[in-house]
Amino acid sequence: MGASVARFDQPEETKRFPNGEEHIVHVHGVAVGMATFQPGWRWSNDVRPLMGTERCPLLHVGYNLSGRLHVELADGSTLDIGPGEVFEITPDHDAWVVGDEPVVMIDWSGKAREYAAAYAAEGSR
């Protein structure tokens, strides 16, 4: 296989959704996403209609570049993610932007491909 490099300013895919977007690149066969969520973004309002599930069913592992994200799991536990923090968000969660600064996150769990499929399906309706 050899080495490879990808750039988010030259993404292979860009998916737009209410109050945000995600640039997707592939590195060694894994989809890596850089998502930007604008103030007012909330998963249950802006992504749930695309995914068709009550809460996000995906695992997210990544790094938060900017902004603050509040995460709420189905069991009621919560997590706040700020700039400079590496995170793991387990499936079955809701999340939303806190404050007036956009959240910019890198997600390398490989789940960007599943979001991309949901966006594509929504766009073809």
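This text follows the structure it describes.
Residues numbered from 1 in each chain as written. Predicted model: local features only at pLDDT ≥ 70, side-chain atom pairs only at ≥ 80, totals over all residues. Heavy atoms only, no water.

1. What about the sheet that holds strand 6 (residues 78-81)?
Short version of the rule: A pair of strands is labelled paired if DSSP reports no fewer than 2 bridges between them. Note on conventions: DSSP H or I runs of at least 4 residues are helices, E runs of at least 2 residues are strands, and numbering of each starts at the N terminus. Each axis is a line fitted through C-alpha atoms, taken for helices only over the stretch in contact, and angles between the N-to-C directions span 0 to 180 degrees.
If you walk across this open sheet you meet the 3 strands as 6-5-8, and the pairing is antiparallel. A strand with exactly one partner marks an edge of an open sheet, and here the two such strands are strand 6 and strand 8 (93-98). The mean inter-strand angle of the sheet, taken between neighbouring strand axes irrespective of direction, is 20 degrees. Here strand 5 (residues 68-73) pairs with strand 8 via 6 bridges, running antiparallel. Looking at strand 8, one finds that Leu73 is bridged to His93.

2. Things to note about the nonpolar core
Put simply, the test is: To qualify as a nonpolar core, a set must consist of buried Ala, Val, Leu, Ile, Met, Phe, Trp, Tyr and Cys residues joined through side-chain atoms within 4.5 Å. Exposed residues in this analysis have more than 50% of their type's maximum accessible area, buried residues have under 20%, and partly exposed residues fall in between, with area computed by a 1.4 Å probe over protein chains only. In what follows, residue pairs with any heavy atoms lying within 4.5 Å of each other are defined as contacts.
Formed by 19 residues in total, the largest nonpolar core has its most connected members in Phe37, Trp41, Leu69, Ile81 and Met105. What Leu69 contacts, discounting residues up to four positions off in sequence, is Trp41, Leu79, Asp80, Ile81, Ile89, Ala95, Trp96, Val97, Val103 and Met105. If you look at the next biggest cluster of nonpolar residues, it comprises 5 residues, including Val25, Val32, Met34 and Ile106.

3. Quick notes on unusual backbone geometry
Of note in this structure, His28 is not a glycine but carries a positive phi near 55 degrees. By the element assignment, His28 lies in the loop between strand 2 (20-27) and strand 3 (30-37). Of the residues examined, His28 reaches a relative accessible area of 59% and is grouped as exposed. Even without a glycine there, the phi angle at Asp92 is positive, about 75 degrees. Tracing the backbone through its elements, the reader meets Asp92 in the loop between strand 7 (86-89) and strand 8.

4. Let's talk about the packing of aromatic side chains
We describe a pair of aromatic rings using the distance from one ring centre to the other and the angle between the two ring planes. Counted only if it meets this: To pair, rings of Phe, Tyr and Trp, with the six-membered ring standing in for Trp, must have centres within 6.5 Å; the planes then decide the type, stacked if under 30 degrees apart, edge-to-face if over 60, and tilted in the middle. We count a charge as sitting over a ring when the NZ of a lysine or the CZ of an arginine lies within 6 Å of the ring centre and within 35 degrees of the ring normal.
Counted under the stated rule, the structure contains 2 aromatic pairs. On the basis of an interplanar angle of 45 degrees and a centroid distance of 6.1 Å, the ring pair of Phe17 and Phe37 is categorised as tilted. Of this pair, Phe17 sits in strand 1 (residues 13-17) while Phe37 sits in strand 3, and the two are 20 residues apart along the sequence. Taking the relative accessible area as the measure of exposure, Phe37 reaches 11% and is therefore buried. Seen from their ring centres, Phe37 and Trp41 are 3.9 Å apart, and the 20 degrees between their planes marks the pair as stacked. Across the pair, Trp41 and Phe37 agree in class, each one buried. Among the aromatic residues, ring-to-ring pairing joins Phe17, Phe37 and Trp41 into one connected group. Lying over the aromatic face of Trp96, Arg42 brings its terminal NZ or CZ to 3.8 Å of the ring centre.

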